[in-house]
Amino acid sequence: TLLWVSDSVRQVLGWEPGELVGRAAATLVHPDDLPVLVDARDQVAATGSTRTAPLRIRTGRGGYRRMSGRGSVSYDESGSRAGRVYALRDVHDDSARLRALTTLSRANGVLVRAAHEDQLLQGLCSTVVDAGGYALCWYGRARRDGSFAVEPVASAGRTSYLDDITVTWDESPTGNGPTGRAIRLGTTQAKDSIDDPAFQPWRAAAQQH
């Protein structure tokens, strides 16, 4: 329940502060974003740490505005938890950041709920595609039987692409792409595949899919 609301809500969302005091915070969140709010709220309550999550917030005119919500715990003079503080930031001009925040927030929920590794890996791949809007996400496991093959064990999106490619993690051409280098070197690989000469073995299939 909202106990106090900043006057800036007039300019940001078109509400009078008094219209929101006494309302449940969840009633202002788009129904599809409630799982994100619940995950963030539960993590703040459990850990006392600050969490940021992307949310669509109802405006005073009845529509919704994309915001970045930041929740943290407040304490009274004795050091006991007194409640939670929510701060909202407009992100309508920052779609890439919003997409990353949405993906991260929902992935955290998958991490908490997954009962076993297969469920975790598939859930994370699905989240990257569904929440992040990416065309494909897959998790590959390095085989250590001398073949140096990378075996897809979880995927979501345009998964037919995986049927048309071979990925290894040795120093051959099929092992010199971002996946092979990430496994071999143990570091994150992020490049524009269209301009990366090392991506040549997979470029035609990627463009097709």
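Please refer to the structure higher up on the page.
Thresholds applied
Residues numbered from 1 in each chain as written. Predicted model: local features only at pLDDT ≥ 70, side-chain atom pairs only at ≥ 80, totals over all residues. Heavy atoms only, no water. Helix = DSSP H or I, 4+ residues; strand = E, 2+ residues; numbered from the N terminus. Rg over C-alpha atoms; globule rule 2.2 N^0.38 Å. Areas by Shrake-Rupley, 256 points an atom, 1.4 Å probe, with all protein chains shown as cover. Lys, Arg positive; Asp, Glu negative; His and termini not counted. Charge placed at Lys NZ, Arg CZ, Asp CG, Glu CD. Salt bridge = Lys/Arg side-chain N within 4 Å of Asp/Glu carboxyl O. Buried < 20%, exposed > 50% of the residue type's maximum accessible area, 1.4 Å probe, protein only. Contact = heavy atoms within 4.5 Å. Pairing = 2+ DSSP bridges. Axes fitted to C-alpha atoms, helices over the stretch in contact; angles between N-to-C directions. Phe/Tyr/Trp six-rings, centres within 6.5 Å; stacked < 30°, edge-to-face > 60°.

**Overview of the overall build of the protein chain**
- Across its full length, the protein chain carries eight helices and five strands.
- In the protein chain, the succession of helices and strands from N to C terminus is α-α-α-β-β-β-α-α-β-β-α-α-α.
- The C-alpha radius of gyration of the protein chain comes to 22 Å, more than 25% above the 17 Å expected for a compact globule of 209 residues.
- Dimensions of the protein chain along its principal axes, counting C-alpha atoms only, are 65 × 35 × 25 Å.
- In the structure as shown, the protein chain presents an accessible area of about 12500 Å², 51% of it carried by carbon and sulfur atoms.
- In the protein chain, 25 side chains carry a positive charge and 24 a negative one; their mean positions are 3 Å apart.

**Digging into the pattern of salt bridges**
- Here the structure, examined in full by the defined rule, presents nine salt bridges.
- Between R10 and E16 there is a salt bridge whose closest N-O contact spans 2.7 Å.
- Put simply, D196 and R181 hold a salt bridge, and the shortest N to O gap is 3.4 Å. Here R181 lies in helix 7 (residues 178–185) and D196 lies in the loop between helix 7 and helix 8 (200–208), a separation of 15 residues in the sequence.
- For R181, a relative accessible area of 9% corresponds to the buried category.
- Taken together, the shared-partner salt bridges in this structure form one network comprising D7, R10 and E16.

**Concerning the side chain of T59**
- Structurally, T59 is set in the loop between strand 1 (51–58) and strand 2 (64–75).
- The residues touching T59, leaving out its near neighbours within four places in the chain, are L13, W15, Y64 and R65.

**Notes on unusual backbone geometry**
- Positive phi, normally seen in glycine, also occurs at F148, with a value near 60°.
- Along the chain, F148 turns up in the loop between strand 4 (136–142) and strand 5 (150–157).
- According to the relative accessible area criterion, F148 is partly exposed, its value standing at 34%.

**Observations concerning the sheet that holds strand 1**
- Strand order in the open sheet formed by three strands is 1-2-3, with antiparallel pairing between adjacent strands. In the strand order of this sheet, the two ends are held by strand 1 and strand 3 (81–90), each with one partner. Shown here is a sheet whose adjacent strand axes are inclined to one another by a mean of 35°, direction ignored.
- Judged from the eight bridges that link them, strand 1 and strand 2 form a sheet pairing that is antiparallel. Within strand 2, the residue paired with I57 across the bridge is R65.
- Against the sheet, helix 3 (residues 34–47) makes contact with strand 1, strand 2 and strand 3, and its axis sits at roughly 140° relative to strand 1, the strand it touches most.

**Things to note about the packing of aromatic side chains**
- Counted by the stated rule, this structure contains two aromatic pairs.
- Between the aromatic rings of F199 and W202, the centroid separation amounts to 5.5 Å while the plane-to-plane angle is 50°, which identifies the pairing as tilted.
- With relative accessibility at 10%, the residue F199 sits in the buried group.
- Given a relative accessible area of 4%, W202 falls into the buried group.

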